[in-house]
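A closer look at the structure
Chain residues, written in single-letter form:
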Amino acid sequence: MEPVWYPDPQAAQDTRLFRFMASLGFQDYEAFYRYSVEEAEDFYRRFFAQLDLPWRRPYAQVLEGGFPFPRFFPGGRLNLVEAALRHPEDRLALLHETEEGEVRALTYGELKAEVARVAAGLRALGVGRGERVGLWLPMGLEAAVLLLATAWLGAIAIPIFSGYAAEAAALRLRDGEARLLAVQDGFHRRGRRVELLGEARKALGLAGTPSLLVVRRLGLPLQPGEADYGALAGEAFPPEEMESMDPFMLIYTSGTTGRPKGTVHYHAGFPLKAALDLALLFDLREGDRLFWFTDLGWMMGPWAILGGLLLGGTVFLYDGAPDHPGPGRLWQMVEAHRLTHLGLSPTLVRALLPLGEEPVRGHDLSSLRVLGSTGEPWNLEAYLWFFRVVGEGKRPIVNYSGGTEVSGGILGNVLLKPIKPMGFNTAVPGMRAAVLDEAGRPVVGRVGELAVLGPWPGMTRGFWRDEARYLEAYFAKIPGVWVHGDFALMDEEGHFFILGRSDDTLKVAGKRVGPAEVETAATGHPALRECAAIGIPHPVKGEAIVLFAVVKPGVEPGPELAEAVADRVAEALGKPLRPERVLFVPDLPKTRNAKVMRRLIRAAYLGQDPGDLSALENPEAVEAIRRVAQGG
């Protein structure tokens, strides 16, 4: 496949990446990349030194030890908030537009004052250093302020997707043993009021979380004992001095089995990795305006806020639908706020494509310099539409792939090399990435496992109170190597392509959810004995959920029960994760040790060859699934 974008030589020399390379004596990117992984200690030290971060105590070295539990910047002490808010007080830090069209803004000086106020208020509510705080808010000023205020006082944030229902939120609050939940009482979505406060009260009861703090955007009345965000007050104090590896955030991400995993992120990790990637891949500069269409509960929300602020940019936040009240809403915001960087998922682009080109071409997008994308693999039609219509055939798409556990990207695009459709022209500087075969050997031109061969600042410290599960997830396949769980291919010219997950994890509209979570929610319906969730290709979402269910004796399956089960999942996990179909089968294919084989279920549903069935206790279950899928 040939590239569709080529760098302009003059513009390339003006990028942050080229200027940093030149300061180190490099003119050739490939030589620079080799240096970044072969002399990683020097690379990271020099990059972060030029950011001039306000360390309260300097670190001795960047890296101590190796996989699976390295330490970064040992001896160093800082607070990420001081690093994020060190810029001129009159520079614009945050811009927020609500779906109703209200625009609010905070300069760096105003943001620092508000973060200090909220941090003091949180401490007055009894939140202490190391305690966990749930953050259940859409993208807005308060979401960013609360994320920073939690870190200011040395507590640990648990961001929660604003589309979740009570049970999904409670699961994360309970696992993290949250001391307090901060929730926005509601917001507008497609012109309708979405009230979160009632769900938050249910979640508190289910999780046993003792305190509730409410941001009253809709003005809903509070109950006794609930704190009002606007009235927060307390004795002011400076940001807590933290060790480099002290946690500041748990982001929960689902695997194929068991409860969601709380990935642990630390003060000198996640924010620094976000800043590095935004600087060297996306060329985000001081004063640039970054908008990533996302949610606080997904990695890209905190990533955009913390990385954008650390680099002195302006972060644009939006809490509504992308096409309300009309199909031009996104492009109207780009024009009105002179946004320079726009990040959309392939799912969102596929949803916008049928709206046509006119909503895009009817707005002035001349401020845009870089497009971004992450979440799931592209299809060619949507990619080319994004590039040719939104990018006008001249703006690069920085395709970006990594994950919550990475704090950013493993693969990306730099603006010094041609970019192929749907691909990645490099591993991120500092990331020693490779595609490995089953024996752990690097391969070119063949599909294999995407892996990272050495540690990097930003990699999770592990899963919250579950070391064994962390080791199993990333280091069990190939000892001493981080195996990420993506199937990938590197072509002869060094371009990477992601081909999908190598495990059973579902990615619906770029949002990862474990089948176990879906199945647990579904079997909350009293009619079901057991079930299995799979992901199938979907033209807009990338993947959609299909649920195969086995009913209890005496229960008659039918369309009404299928709807009720799907509704049950939506109630527990949120409407975006509602199954596309619920199909009833007499049994699920299982191994002799009772492991449900979702891979075989998916193959049977899609009419693919399921492969070797010899390990199954009940191979006839596969044929039954195939018949049901075909309507037989």
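The structure contained in this document is the topic of the report that follows. This one's a predicted model, so the numbers in the text were calculated from it and none came from an experiment.

What follows deals with the overall build of the protein. Counting secondary structure elements, the protein contains 20 helices and 32 strands. Overall, the protein is about 70 × 65 × 55 Å in size when its C-alpha atoms are taken along their principal axes. Looking at the 632 residues of the protein, the share that counts as buried comes to 63%. Sequence-distant contacts in the protein: of pairs separated by 6 or more residues, those separated by 24 or more amount to 70%. Counting only carbon and sulfur atoms, one obtains 51% of the accessible surface of the protein, whose full area is about 23,100 Å². Separation of charge centres in the protein, based on 69 positive and 78 negative side chains, amounts to 2 Å.

Let's shift gears to unusual backbone geometry. Omega for the peptide link from F67 to P68 comes to 0°, which places this bond in the cis form. The omega torsion of the bond from H324 to P325 falls at 10°, within 30 degrees of zero and hence cis. The topology assignment puts P325 in the loop between β17 (314-318) and α12 (329-337). Backbone geometry places R190, a non-glycine residue, at a positive phi of 55°. Counting through the fold element by element, R190 comes out in the loop between β9 (186-189) and β10 (192-195). Even without being a glycine, R338 presents a positive backbone phi close to 50°. By secondary structure assignment, the location of R338 is in the loop between α12 and β18 (341-343).

Let us now look at the sheet that holds strand β21 (residues 401-403). Paired through backbone hydrogen bonds, the strands of a sheet run either parallel or antiparallel to each other. In space, the 3 strands of this open sheet follow the order β21-β22-β23, with antiparallel pairing throughout. Each edge of the open sheet carries a strand with a single partner, namely β21 and β23 (426-427). In this sheet, strand β22 (residues 408-412) lies alongside β21 in antiparallel orientation, the contact comprising 3 bridges. Counted as the bridge partner of G403 is G408 from β22.

Next up on the list: a nonpolar patch on the surface. A cluster of nonpolar side chains, V447, F487 and L499, forms an exposed patch at the surface whose accessible area comes to about 260 Å². Tracing the backbone through its elements, the reader meets F487 in strand β26 (residues 482-490). Judged by its relative accessible area of 33%, F487 is partly exposed.

Another point: the packing of helix α7 (residues 141-152) against helix α11 (residues 300-310). Geometry of a packed helix pair, given as the angle between the helix axes and the separation of the axes. The geometry of α7 relative to α11 is characterised by a closest axis approach of 11 Å and an angle of 70° between their N-to-C directions. Compared by their axis directions, α7 and α11 come out roughly perpendicular. Facing A144, L147 and L148 of α7, the residues of α11 in contact are P302, I305, L306 and L309. By residue class, the composition of the contact of α7 with α11 is 7 nonpolar, no polar and no charged.

To continue, consider the environment of D246. With respect to the helices and strands, D246 occurs in the loop between β13 (242-243) and β14 (247-253). Taking the C-alpha atoms as reference points, D246 and H265, 19 residues apart in sequence, are found 8.2 Å from one another. The residues touching D246, leaving out its near neighbours within four places in the chain, are R129, H265, Y266, H267 and R461. Polar contacts involving the side chain of D246 include one to the main-chain amide nitrogen of E243, which spans 2.8 Å.

Glancing now at the packing of aromatic side chains. Inspection of every chain in the model, using the stated rule, returns 43 aromatic pairs. Ring pairing ties together the aromatic residues F20, F26, Y29, F32, Y35, F43, Y44, F47, F48, W55, Y59 and F73, which thus form one cluster. The positively charged end of R117 is found above the aromatic ring belonging to Y229, 5.3 Å away from the centroid.

Moving on to helix α3 (residues 29-38). Three or four residues apart is the spacing at which side chains of an α-helix point the same way, because the helix has 3.6 residues per turn. When α3 is considered as a whole, its buried residues turn out to be Y29, F32, Y33, Y35, S36 and V37. One side-chain oxygen at the N-terminal end of α3 lies 3.4 Å from the backbone nitrogen of E30; it belongs to D28.

To continue, consider the nonpolar core. Soluble globular proteins tend to pack their nonpolar side chains together in the buried interior. Of all hydrophobic cores here, the largest spans 157 residues; its most connected members are F32, L111, W303, L309, W331 and W482. Counting residues per element, this core draws most heavily on α7, which supplies 10 residues. Among residues more than four places away in sequence, those in contact with L111 are L85, A93, L94, L106, V145, L148 and L309. Counting 54 residues, the second-largest nonpolar core is a separate cluster that includes I160, F161, A521 and L561.

Its place among the elements puts R599 in helix α19 (residues 598-605). By relative accessible area, R599 is classed as partly exposed at 47%. Sequence separation between R599 and R369 is 230 residues, and the spatial gap between their C-alpha atoms is 41 Å.

As a further point, take the pattern of salt bridges. Overall, the coordinates contain 44 salt bridges when judged by the stated rule. Between E142 and R104 there is a salt bridge, and its shortest N-O distance comes to 2.8 Å. Here the residue E142 occupies a position in helix α7, and R104 occupies one in strand β5 (residues 103-107), the gap between them amounting to 38 residues. Neither residue differs from the other here; E142 and R104 are each classed as buried. Residues E519 and R598 are paired through a salt bridge, measuring 2.9 Å at the closest nitrogen-oxygen approach. In this pair, E519 sits in helix α17 (residues 515-522) while R598 sits in helix α19, placing the two residues 79 residues apart along the sequence.

Turning next to the side chain of D437. Secondary-structure assignment places D437 in the loop between β24 (433-436) and β25 (448-452). Owing to a relative accessible area of 7%, D437 belongs among the buried residues under this scheme. Within the structure, D437 has its side chain in polar contact with the backbone nitrogen of A439 (distance 2.9 Å). In this structure the side chain of D437 is engaged in a polar contact, spanning 2.9 Å, whose partner is the backbone nitrogen of R441.

Parameters and conventions
Residues numbered from 1 in each chain as written. Predicted model: local features only at pLDDT ≥ 70, side-chain atom pairs only at ≥ 80, totals over all residues. Heavy atoms only, no water. Helix = DSSP H or I, 4+ residues; strand = E, 2+ residues; numbered from the N terminus. Buried < 20%, exposed > 50% of the residue type's maximum accessible area, 1.4 Å probe, protein only. Contact = heavy atoms within 4.5 Å. Areas by Shrake-Rupley, 256 points an atom, 1.4 Å probe, with all protein chains shown as cover. Lys, Arg positive; Asp, Glu negative; His and termini not counted. Charge placed at Lys NZ, Arg CZ, Asp CG, Glu CD. Pairing = 2+ DSSP bridges. Patch = residues over 30% accessible without salt bridge, like charges linked within 9 Å, V, L, I, M, F, W, Y side chains within 5 Å. Salt bridge = Lys/Arg side-chain N within 4 Å of Asp/Glu carboxyl O. Axes fitted to C-alpha atoms, helices over the stretch in contact; angles between N-to-C directions. Parallel < 35°, antiparallel > 145°, perpendicular 65-115°, else oblique. Nonpolar A, V, L, I, M, F, W, Y, C, P; charged D, E, K, R; others polar. Polar contact = N/O pair within 3.5 Å; in protein donor to acceptor, adjacent residues only side chain to side chain. Phe/Tyr/Trp six-rings, centres within 6.5 Å; stacked < 30°, edge-to-face > 60°. Lys NZ or Arg CZ within 6 Å of the ring centre and 35° of its normal. Core = buried A, V, L, I, M, F, W, Y, C linked by side-chain atoms within 4.5 Å.

Keep in mind these numbers describe shape, not what the thing actually does.
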